[in-house]
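Spelled out, the chains give:
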Amino acid sequence: MNYTSSQLDAMDVSKRHLDTCVVAGPGSGKTTVLVQYFCHLVENGVDPLRILAITFTEKAAGSLRKKLAETFRADSVRRGKLERAWVSTVHGFCSRLLKENAVFAGVDPEFSVADVLESWRLQQESIAAAMEEVFQEHPLATRKLIRGLSSYEFEEAVLSAYDAMRGAGVPVEEIARYRVPQDNTMDEIATTLNALRGETYFNWSHAQKQHLQAALEGAGRIVTAADPRTGLLAIEDFSCNLQKCKKGANGYSLLKRLKALIKDAPYSLITQHYAPERQLLLEILRRFDRLYRDRKRQAGALDFADLEEFAVRLLEDHAETRARVQAQFDHVLMDEFQDTNGQQARLLQLVRTPGRFYAVGDINQSIFGFRHAEPRGFREYRDEVAGRGGHLVELIDNFRSRPEILSAVETILAGADGIEPRSLVAGHEFEKPRPVCVEVMAVAGAESEEARWVARRILEVLGDRAEFRFKDVALLVRNTEVLSDFSAAFDEAGIPYLVNHGKGFYETREVNDLTHLLRVIANPRDEVSLATVLRSPLVEVSEDALLRLKTLGENIGVSLRRLENTAQDFDPGDLRKLCHFRDRLRQWRARRESVSFDRLLLEAMDDCGYRATPNIDKFLAQSRDAAARRSLDEFVAGLSLVRASNPREPDAPPEDSANAVKVMTVHSAKGLEFPIVFLAAIHKGIETAMPHVAFSPRYGLGARWRSPAGGKEKNDLYQHAIHEERKLRERDESNRLLYVAMTRAEQHLVLSFSNNGRKLDNWAAVVAGSLQLDPDTPCDRTTAYTAPDGKNWKARVFVTDRPPDRLAHGPAAAVEETVEFVPLPSVTGQHDTNATVTALAKFAVCPREYYLAHYLGFEGRPRKLEDSDEESELSAAGFGTQVHSLLAGAGIPDADPEAVRLAGIFRQSSLGRRVLRATRVEREFDFLMSVEDVVVRGQVDLWFEEGGELVIVDYKTDSVTAVEAHQRAQDYALQLRLYALAVERVAGRPPDRAWLHFLRPNTAIALDLTPSLLESPEQIVRDFQEAQEKQEFPLHESERCRRCQFFKDLCPSTYQSRR
Amino acid sequence: MRLLTGPAGSGKTTFVLDRLRESLHARDGRVRLLVPTATLAQHLQNRIAREGFAFSSGLIQTLSEFVSAWAGDVPQVPDAVLYLIVEESVRRVNRSEFARVGHLPGFCASLARTVAEFSSAGCDSRRLAGCLPDAPLGEAFLAAYREVDRELDRRGFATRARRIEWAAERIEHDGLGDIRTVWMDGFHALPDPELRVIAAMGRHADLTLTFDAMDDRLAALGFREKRLTRSRATPVMALVKAPGIEREVEEIARRILEYASSGRPFREMGIVVRAKETYVPILQSTLERFGIPARFYFEEELQRHAAVRFLTGAVEAMLGGWDHAGTLSVLRLAPRFADSNTMDRFEFAVREQIPNNGLGALEALLGDSDRLHKLIDELRAIEEWRAFVLRPSDWAARLRTLRNLFRPAVGQASRPVHLRTQTAALDLFDEALDEAAAALEPSQLIDLQAFWRAVKSVLRLKPLRLRDARRNVVHVIGAHEARQWVLPVVFICGMVEKQFPQFHRQDPFFPDAARCRLNAAGIRVRTAAEFEREERALFESAVTRATFLVTLSYPEFDRRGDSTLPSLYLEDLALATQEARTIRPQPRNPSTPPRPVEIRAPALLDFLRQKTTRLSPTGLEMYLQCPFQYFAGRVLRLDTAPPRPEERLDFLTQGNIVHEVLATWWASPQDLDALFESVFARHCEVRRIPLGYHAERLRNTMLDDLRAFAADTRWPREGFQSRTEEKFVFPLTEGLDISGRIDRLDVAPDGRAYVIDYKYSAAQRVKARHTDDNLLQAPLYMMAAERALGVKPVGMYYIGLKRVIVYAGWSEAPVAGLPHVELPENWREHAEKRTLRVVEEIRSGRVEVKPAAVANCRFCDFRDVCRVQLREAAAQAEEAEGAS
Ligand code: SF4
C-alpha cells in the first residue's frame, strides 16, 4: 500500500509522546491511518491492553477490531490480547469501566444497559408520575403553569431538554443557577424614547406628528408599566406605522429603532411574568430526574447518558481510581472527535494525560449537533495541539471520489458558513474516464415527479453496461417525508430498493399483524385485533366470514370460540381456516405463559408460510426478549403504548447482500460510500421549530409561554437566546450535511430537486445559487464551472417542466430470498429414559394416577397447614422412614416408640429370625438396572441368602386389615418382581421367594415371582414407554379410586357415582 | 495414587469405565467412581445400566455426595441462604466503601459470588486475612467475609468446601470403611479442599484420578502419571456462516433434519452453546418450530416461571391491598382460565375501572361465574395473613398452603414438558420458603412483609431446570457440560468475538493484579489468564466431542446489522466457509390468492339491507371517506380493548362534554364555568377518568375554548329563537330514513332558520368542510330541518371550537359579519342523489378499502384491520431526522 506523506506522518509512532490531532477530510483513509497507528504502536512494543481506542459507532469499533485482528492474526499472543483490548465506543468503554469499578462508581455491578426503547418507556412513566406528583401537591400553581405553557408536546419537550442537559453533563440541580441572559431592551427603549422626545420635528405634517405622538405615548406606557403584564399589554397596544411618518429625518430612524426594540421587549417581560411558573417547571424536572433515576435503579439499568455521567463522576470524585485508569493507558485514540458531546469530552479529559492523546476528526463533517455534539471541543484541541507544539496532521487527499465531484463540492460550498475552507485533493486514479460525473436535475412539479425522473435517471445511468448494478446506487435524502414518493416511483420503474433506517418499524404491516396476533392471544374479545388477524395472511378469511361471525353473536371473538366445525352458511374454505385458527388459538392461549412469545408467532407464521423479513426477525427477537421479563399482557400493553406514542423505532437493517438501491437519510450515510449517489429532494429542509422547552449548556433552560396579553406564544429570555444560538448552529450544520452528502459519491453524483414555482429553498438554493442555475427555464446541457482552486469541471444541468415518459420496464424486481420448505420429521422415542420402581408399579396399577403423580408430579389433595408447634406428631411418610431406618440398623436418637415397636415386630418374626442366620444380607439396597432401554431405580428393603434360599422382603408400615393386606399385595406384585430382577442381576441367580411384610398388623404375604407374560416387567416397561410416547394414560377405575388423591379432582374418573 | 493424563479424546474415561466393569463382573461392591457433577454421575450410571449391569447407585456418585458421609452434621449452606447472609452481613459491617451500593441486589450477588469463589478455593476469611493483597476494596471485602463466616457458624451452616475439608480430616483419620478402590473422572479443576480429600482417600484406598495434565501440586501428593495419547478419530469439521443468528440457527436445524432423514437418531446429535443468553431462547424456538425434539441442559429463572409468578403475584397483590391491575395479572395466570371467555370479559370489565382496588369491587364485576368466584374467595382467605407475626419456619409452613391456589390445567394444550416443569417449579417454591426461613433468625417473630422480602431474594436466585428425561432428543448443552459428552454429530454455534471465547470482566473486588498476588500466596482464585486458558480448553473440548462431524457456525451480522468479528479460535482452523441456506417449515395452510374485498353471500346482503333502513349523515360520510371504515365501524361494529385510564378523556368524550355544555348554556344562559365544571365532573365520574394532570390540562383547554365561544359575539343570537339538540328522522325514499341530531337550530321570527353544528376540532379541519367532496351532513341537515323539524332553513354553519372560534358555512344571505358562502346550487338534490347512490353501494356489499383522503387514515380506528400501508402517513407525521 502506498501512503501519502501526510498519512505516513499521521501514522508516525515516533511522535507518540506528543498529543496528536489528525484532521481527516472525507475519503482520506482515516480508518486505515487509525488502524495503522494502533498497529505501529503495538509493533513498537506497546501492550495492546494499554491502548484505549474509542470510535463513534459500534460499527466503526467492530471494523477497527476486525482490522486489528487481521493484522495480528499470525501473532497469537497479541491476537489473544486483542480480545480484551479497549477498542469500543464511548458507551462500551464506560460500561466496562463502570462494571470493573462498580463499587466506587456507586452502581450495581450487574447493571444492564437500557436500550432506547426501554429508557423511553421508563422516561414516559417517570414524566407522567412527576407531573402527577407536582399537580397533586401544587394544584393551583400547576394550573397556572398549564395556562402559561400549554402544549400537547410539553412532556416531550421536557424530555428532550433533559436529554440535552445530560448530553452536556449539566445536572438538574444546576439549572436553577443559570442567570437570566443579559437584556437591556427596556433601558434602551427608555433612552430612545427620551431621544425621540428631545427631537424636533420640523417638516412633519400634523397627521404625522399625531401618529408620532400616539406612538410615543404607547412606548411611554411600556416603559412605565407597573408590572410585566401591564407592560406586555402596552406592547400589544403599541402601534407605529412608519409609513405614516416623515422619512429621512433623525426622528424617523430613532422611531424605527424604537419599533425594533419594542419587538424584542416581550422576552424579558415574559421572563419576569412567568418567574414562579419557571420554578415549578424546574421542580418538574427535578422530580422527573429523581423518579427516572429511581426506576432505573429498580430495574438495575443504566441508560446511555448514565454510562457517561457515572463514568465521569467516578473519575472526578475518585482520585485514586482516576490515577489508576490514567496509568492504565499509554495511548488514548479517539475517532470522530468532532461528534463528541460535552459530557464525553469531559470524560476524555479525565482519562487522558498530556502527550498521550491521538484524536482524529473533521469539523466539516460535524453533523450531530441535534444529538448535542459539540464540535468546539475538537476545534479547541486542534488549536491547542498547533499552539503547543503537538503533532498536527492534515489529511486532504481524497481516495474516494472523482476529482470533478470534489470540485463540485468545493464550488457549491465555497465560503459557506460552517465549512472550514480546506481543499479536497483527489488521490484516487480511476481507470476509465467519465465524461460527466456531476448532474443537477430540477423538476418543475411535485416531488412525485422528481422521484419519477430520478428513477428514470437511475436506469439510464446503469444502462446496459455491467459497470454498475443497483446495489452501487444510493439515494440519499435529508427529509424522510419524501421517501414514499421515491418508493412509489421505484416500484413503478421496477427498481429494487431497500430502505435503510426508516423509522416506521411499528407501522409496518408485518409487525402490525404480529402485534395484533399477540393481542388476540391475550384477549380475543378485542375485535379490532381479531379482525386484523383474520384478514391478514395469517388466516386470510373473506369479509363474508367476518360478517357471518358478527351475525352469530355480539362479539366476533366469542363467535369464533363457539364456531362449530360444521357451521352452515360459511364458505368451506373460510370455515376450514377459521376452525384451524380457533384450535390453534386455544393452544397458544394455554401456552402463552410457558413459552416465549415468539414461538406462538412462529407457529402462526409457519402455518401459513408467512414471509419472513428483517423486521419480522427483529420483532420476534423483541418478543423473545420480552418473554424473559414480562407477561404477555404487559408486553402487549407496552406495545400499544409504544405505537400510540410513535417513538421512531428504526426498521431492522435490510440484509446487505441484495442487489438493490439503498435508500437512506444523509445522517445514516455518514461513514459510508457508494459508487453512485443521488442526493434527492434537496429543496426540502427539515422542521426545526423549537419545542416549548429547550436547553442549551450556554443559556440553561428556556421556555415559550403564552403571553398574558393576547395569548400569543412568546419566548422568555433564555429561550430567545437558545433560539438564536440554534439558528446559527443549524445554518452551519446544514451546510456541513450537504458537504457530507456530496462526498459520499465515488463516481457519479446527481443532485435533484423539484419546485412548484416558489422561491428555491434550502440546499436547492445553495446549489442553484452557486451554479447559477435558472430552475424555471427547461434545458439539458453540460456546463463548465471553475472551482475556487481554479480547477475546471463540468456538470450536466437538466431542467424540466414535464413528466418523464413512461419507461417500458418489467414489474418491480422484489428483493426476494430463495427459501426451501422443509417437511417436519416424524419423531419417535420421546419417552423418559429413567423410571423408579414405584412409578412403574403405580403405572401398572393405574396409568392415570402414575401420570398425574409421577409423570407430571402433581399433588392431589389440598395441603393442610400442619401445626409445627407439635413436632412430635410424625407424618405417615416420616413414620415409615423411621421404621425403615431402624430396620436398616441406623440409630435414631428420639425415635417414635411406635416405630421402635414395629421394628421389633419384624425382628421377632420368622423372617426376622432367618436374617440373623443369613450368609449374605443387604438392607436398603438401592439399585439401578435397565429394562427395555429404561433405566430403573429402586430400593429393596431387605434381601438375604439363608439356607440356600435367596429371599426378598418389603416392609409396609401403613395399618391395614388382614383382608386389605391380601388385596393390596396384588398391587405390589410388579414392584417385587422388579426387585427380584435386580437382585438376580446382582447376585447372579434369581431369588426364590419374595415377602411383603405388613407390620400393622403383623402379616407376611408371599408373592408369586413367576409372572405371566402379560405382567412381566418387560411388558410393563414397554406399555409404559408407549403410554408416554402417545401421551395416553388410561384410567383403571376400581375401588382403589376412592383412596386415590386425584379422585374427583385432577382425575376425570366418576367411579363412585356409578356404584 | 495414579494419575491418568492425556488430551481430550485419549480414552481416560474409557479406561476408568473398563475397570469399573471388571469390578461389576467380579461382583465387587467395594469400589467407587466419583465425578464432579450430578448430571455426569447420572449419565454414567445410565450408560453402565444399559450395558445390562444392575448395581447400587452409590457406586457412581459425585464427590460431594460421597464425602458427605464423613463431613459431619453441619449442613451445606444453600446458595440463596448464603446470599441472604451476605446481604445481612454487608448491612451489619456497614463499611463506608459499600455505602452507595450495599443495598443493590447486584452488588450483594457479586459479593456472594466472590465469597463463594474464595471459599471453594479453600480460603476462608481467616486465611484471606493472612495474605490480603493490596486491592482498593480488599479490607472492606474481608470485613464482610468475616461477618459471613461468623454468621454461617452461628446459623449452623457450612460451605461446600468447608464440608469437604472436614471430610478430608475424618477420612484421613478413620479411613474409608470397606472401600478399596476409588476412581475419579471428569474433574477439570481441583481446588485445595478437593485436593486435600483426594490425598486423604489416597491414603486408604487405591485411587486413580484422570486429569488434563500433571502439575506440581499433584506431584507433591505423590501421584504417578500415566499418559494416554489421543485415540479417538478426529471428526470432520465444517464451518458455516449465516447472515444473522436466526439464519444460523435455522441452518443448524436444517442440517439436523438432513442427518435425521438419512437415519441418524436425534440423540446422536448435540449443539454446544457458549453464549446461552443469546442462543438458548432462539434455539428453543427454532428447534421446536422444525419439529426437532431437543433437550436443553440449561437452567431457567425460577422467579419467571408462570406458576411462581402466580403465587408471588397473589401474595404481592394481597400486600398491595388488591390493586386491580396487579390482581388481574395474577388471575390471568391461573392456568384454568387461560382460555376462558368469562375471564376475558372480566378482564375488560376490570380494565375499564382501573385504577381501583379491593376484592369486593372486583367481585362486583364478576357476573355469575362460580369458578372465578371461588378463586377470588380463595385469594381472600390469605388476607388474614397480613395481620400475623410468626416465626420464619411458621411462615414457611403457612405459605406452603399457597400452592392450593394453583390449580393445574391438565389435559389442555400444554406440552408435557411444560406441565412437568410446572410441578418442579412449585416444588422449588416450597424449597425457597424453607431456605428463606433458614436464613432468618429462627426465633424472631416477624410479619409477612419481612418474611416475604427474604423469599423474594431466594426466588430471584433459584434456578429452575426443565423436567425432561427423554433420550431420543438433540442435546443442547453448555460448553462446560459438553466436556462430559461424546456424540457423533456436534454443532457449535455463535463462533464470534466475545461469545466464544467469552469475555471476562475483572472482578470488582479483586482485580487481576490482586488475584495474581493471591495465587502467589497459594490461594487459587482465577486470573484473567486462567479464564483465557479455560475458554480455550472449553473450545478444544467442544470440538473434540464429536466422533464423526463437528460443525462450527457464526452469524455474519449482529442484530443492528453491523458485521461481526468471527471468533479467533476459527483463525487457526483454516476451514472453508459454507453459506447457510434459508429454510422454513412446509406451511400447513398455504395462503390463498387474494380475492376482491366485498360481501357476496345473498343472506349477508339481505342483512345489510335490513341494517341500512335508517342511516345517519355521519355514517354516510364515513362511507364516503372509506367503504371499509364504514363496514368495520358501522356494520361489524368492531370493539377493542378498553383504553388506559389516561386515554379515557379522548376526543370523543371531550366533544361530548363541550356539546353538552353548549346545549345547556345556549338554551339557558348561566355561569359557564360552573356549568362546565359540573358537566366535566360528571363525565369524569362516569368514565372513571382520573383527575390528574393530564385531565387537568384538557379541562383547562376545554374551558378556555368554551369561554372563547361565550365571548364571541359575532352570531346575532338576539334575532333568533334557538332549539338545541334536536333529534330528527325523515324518510328520504322508500325504505330509507335519515336520522340524526342537530346541535342547534336558530329560527328567526319569520321562520327562516339556520342549522348550527359544533365541531370540537381544529379550525383547519372545520374550514376544510368548504372544500370537502364528501360533504353530506350539511345538506342533509338542511333537509332534516325542513322536512322533519318544520322550519325553512336558509343556512348551515359549522362552528369550530378548538383554540379559535371559526364559523364555516353556507347561507342564502350573509349573516352579520361572518364569512359568507352561497348555498351551492341544487345542493339538496345532489345530496339526495348521492345518498341514494351510497346506500345502493352499501347494500350491494361494497366494503372496499378505498380512503378518499389517506391523510385521514391516521385517525381511523380500523387502520390496522384494513391493512392500508401507514408507513407513509407515519413518515409524514414524524419529524425528519436531524431536527432539534
Ligand atoms: S385506515 Fe383508511 S383505508 Fe383503512 S379503513 Fe380507515 S379510512 Fe379506510
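Definitions and limits used
Residues numbered from 1 in each chain as written. Chains lettered and ligands numbered in written order. Predicted model: local features only at pLDDT ≥ 70, side-chain atom pairs only at ≥ 80, totals over all residues. Heavy atoms only, no water. Helix = DSSP H or I, 4+ residues; strand = E, 2+ residues; numbered from the N terminus. Rg over C-alpha atoms; globule rule 2.2 N^0.38 Å. Contact = heavy atoms within 4.5 Å. Areas by Shrake-Rupley, 256 points an atom, 1.4 Å probe, with all protein chains shown as cover. Buried < 20%, exposed > 50% of the residue type's maximum accessible area, 1.4 Å probe, protein only. Expected span 1.5 Å × (residues − 1). Buried area = accessible area lost by both parts, 1.4 Å probe. Salt bridge = Lys/Arg side-chain N within 4 Å of Asp/Glu carboxyl O. Polar contact = N/O pair within 3.5 Å; in protein donor to acceptor, adjacent residues only side chain to side chain. Nonpolar A, V, L, I, M, F, W, Y, C, P; charged D, E, K, R; others polar. Pairing = 2+ DSSP bridges. Core = buried A, V, L, I, M, F, W, Y, C linked by side-chain atoms within 4.5 Å. Axes fitted to C-alpha atoms, helices over the stretch in contact; angles between N-to-C directions. Phe/Tyr/Trp six-rings, centres within 6.5 Å; stacked < 30°, edge-to-face > 60°. Patch = residues over 30% accessible without salt bridge, like charges linked within 9 Å, V, L, I, M, F, W, Y side chains within 5 Å. Parallel < 35°, antiparallel > 145°, perpendicular 65-115°, else oblique. Disulfide = S-S within 2.5 Å.

Participant: Is there a simple way to explain the overall build of chain B in this structure?
Facilitator: Helix and strand counts for chain B come out as 34 helices and 24 strands. Against the globule reference of 29 Å for 884 residues, chain B gives a C-alpha radius of gyration of 39 Å, more extended than a compact globule. Along the first, second and third principal axes, the C-alpha set of chain B runs to 125 × 65 × 55 Å. Expressed as a percentage of contacts within chain B between residues at least 6 apart in sequence, the contacts between residues at least 24 apart total 76%. Per element, the accessible surface of chain B, about 36200 Å² overall, is 50% carbon and sulfur.

Participant: Would you take a moment to explain the overall build of chain A for this structure?
Facilitator: Counting its regular elements, chain A contains 43 helices and 28 strands. Taken against the 2.2 N^0.38 rule, which gives 31 Å for 1059 residues, the C-alpha radius of gyration of chain A at 41 Å runs more than 25% over that of a compact globule. Structurally, chain A occupies a C-alpha span of about 145 × 80 × 75 Å along its principal axes. Per-residue burial for chain A yields a buried fraction of 58% across its 1059 residues. Taking as baseline every contact in chain A between residues at least 6 positions apart, the subset at least 24 positions apart corresponds to 74%. When the accessible surface of chain A is summed, it comes to about 43800 Å², and 49% of that surface belongs to carbon and sulfur atoms.

Participant: Looking at this structure, how should I read helix H9 (residues 154-168) of chain A?
Facilitator: Since one α-helical turn is 3.6 residues long, residues separated by three or four positions face the same way. Residue and element names in this part refer to chain A. If you check H9, its first and last C-alpha atoms are 21 Å apart, about what 15 residues at 1.5 Å a residue would give, namely 21 Å. Counting buried residues along H9, twelve of its 15 residues qualify, which places the element largely inside the surrounding structure. Within H9 the residues assigned to the buried category are Phe154, Glu155, Ala157, Val158, Leu159, Ala161, Tyr162, Ala164, Met165, Arg166, Gly167 and Ala168.

Participant: Help me understand the interface of chain B and chain A, please; the structure alone is not making it clear to me.
Facilitator: It is common to give the size of an interface as the accessible area that goes away when the parts come together. Of the residues lining the interface, 176 residues belong to chain B; the matching set on chain A comes to 186 residues. Carbon and sulfur atoms supply 49% of the area buried between chain B and chain A, which totals about 16100 Å² over both sides. Joining chain B to chain A, the criterion identifies 32 salt bridges. One salt bridge connects Arg65(A) with Glu497(B), and the closest N-O pair in it is separated by 2.7 Å. Across the chain B-chain A interface, the total number found is 77 residue pairs in polar contact (both at pLDDT 80 or more). Residues of the side of chain B that touches chain A, tallied by class, amount to 72 nonpolar, 41 polar and 63 charged.

Participant: Got a minute to help me understand the pairing of strand E22 (residues 752-762) of chain B in this structure?
Facilitator: Two faces, one strand: in a regular strand the side chains alternate between the faces of the sheet. All names here are of chain B. Across the eleven residues that make up E22, a large majority, eight, are buried. Inspection of the sheet shows strand E21 (residues 736-747) paired to E22 by four bridges, in the antiparallel sense. Bridge pairing in E22 links Asp746 to Tyr754. What sits between the antiparallel neighbours E21 and E22 is a turn of four residues, in which Gly751 has the positive phi angle 95°.

Participant: Sorry if this is basic, but what is going on with the nonpolar core here?
Facilitator: Within soluble globular proteins, side chains that are nonpolar tend to cluster in buried spots. Core analysis: the biggest nonpolar cluster contains 134 residues, and Phe107(B), Phe346(B) and Phe451(B) have the highest contact counts within it. What Phe346(B) contacts, discounting residues up to four positions off in sequence, is Leu328(B), Leu331(B), Leu362(B), Leu365(B), Leu366(B), Leu372(B) and Ile376(B). Leu602(A), Leu639(A), Val755(B) and Val868(B) belong to the second largest nonpolar core, which has 112 residues in total.

Participant: In this structure, what is going on with the sheet that holds strand E15 (residues 487-492) of chain B? I would like to understand it.
Facilitator: Residue and element names in this part refer to chain B. With respect to topology, seven strands assemble into an open sheet ordered E9-E14-E8-E15-E16-E7-E17, the strand pairing being parallel. The open sheet has two edge strands with one neighbour each: strand E9 (294-296) and strand E17 (577-579). Each strand axis lies, on average, 25° off the axis of its neighbour in the sheet, ignoring direction. The pairing of E15 with strand E16 (residues 546-555) spans five bridges and is classified as parallel. Paired with Val490 across the two strands is Val550, which belongs to E16. Contacts from helix H11 (residues 245-261) reach strand E7 (236-242), strand E8 (269-273), strand E14 (474-478), E15, E16 and E17, with the element oriented near 155° to E16.

Participant: Sorry if this is basic, but what is going on with the sheet that holds strand E3 (residues 60-62) of chain B here?
Facilitator: Where strands meet in a sheet, backbone hydrogen bonds hold them as pairs that are either parallel or antiparallel. Residue and element names in this part refer to chain B. One open sheet holds the six strands; their spatial order is E3-E2-E4-E5-E1-E6, and the pairing between them is parallel. Pairing within the sheet leaves two strands with one partner each, and these edge strands are E3 and strand E6 (224-227). Between one strand and the next, the sheet's axes are offset by a mean angle of 25°, whatever the strand orientation. Here strand E2 (residues 31-35) runs beside strand E4 (residues 181-184); their pairing, made up of four bridges, is parallel.

Participant: It is not clear to me how the packing of aromatic side chains should be interpreted in this structure. Could you clarify?
Facilitator: Here the distance between the centres and the angle between the planes together describe a pair of aromatic rings. As enumerated under the stated definition, the model contains 70 aromatic pairs over all chains in all. Seen from their ring centres, Phe925(A) and Phe927(A) are 6.3 Å apart, and the 20° between their planes marks the pair as stacked. Site record: aromatic cluster; members linked through ring pairs are Phe98(B), Phe107(B), Phe118(B), Phe141(B), Tyr145(B), Phe509(B) and Phe510(B).

Participant: Please explain a nonpolar patch on the surface as it appears in this structure.
Facilitator: There is a patch of nonpolar side chains on the surface, built from Val113(A), Val116(A) and Phe304(A) and spanning about 250 Å² of accessible area. The topology assignment puts Phe304(A) in helix H17 (residues 304-317).

Participant: What is the right way to read the pairing of E8(B) from this model?
Facilitator: Residues and elements named next belong to chain B. In terms of burial, E8 is a largely internal element, five of the five residues being buried. Side chains of E8 alternate between two faces, with Met269, Ile271 and Val273 and Gly270 and Val272 buried alike. In the sheet, E8 pairs with E14 via four bridges, with the strands oriented parallel. Each residue of the ladder has a partner; that of Gly270, found in E14, is His475.

Participant: Quick question: what am I supposed to make of the packing of H9(A) against helix H19 (residues 342-351) of chain A here?
Facilitator: The relative placement of two packed helices is expressed as an angle between their axes plus a distance between the axes. Residues and elements named next belong to chain A. Packing of H9 against H19 leaves a shortest axis separation of 5 Å and a crossing angle of 15°. The orientation of H9 with respect to H19, classified from their angle, is roughly parallel. Packed against H9, whose contacting residues are Arg166, Gly167 and Ala168, the element H19 presents Gly342, Gln343 and Arg346 at the interface. Broken down by class, the residue content of the contact of H9 with H19 amounts to one nonpolar, three polar and two charged.

Participant: Mind showing me how you'd approach the state of the cysteines here?
Facilitator: Residue and element names in this part refer to chain A. Using the criterion set out here, one finds zero disulfides over all chains in the structure. Left unpaired, Cys846 is separated from the closest cysteine sulfur, that of Cys1041, by 6.2 Å. Residue class for Cys846 comes out buried when judged on its relative accessible area of 8%.

Participant: Hey, could you run me through the pattern of salt bridges in this one?
Facilitator: Pairs may arise between side chains of opposite charge once their charged atoms sit close together. All names here are of chain B. Under the definition given, this model contains 194 salt bridges over all chains. Residue Arg162 pairs with Asp124 through a salt bridge whose shortest N-O separation is 3.9 Å. Of the two residues, Arg162 sits in helix H8 (residues 160-174) while Asp124 sits in the loop between helix H5 (105-120) and helix H6 (125-130), which places them 38 residues apart along the sequence. One network of salt bridges, with partners in common, ties together Glu88, Arg91, Arg92, Glu147, Arg150, Glu151, Arg154, Arg155 and Glu441.

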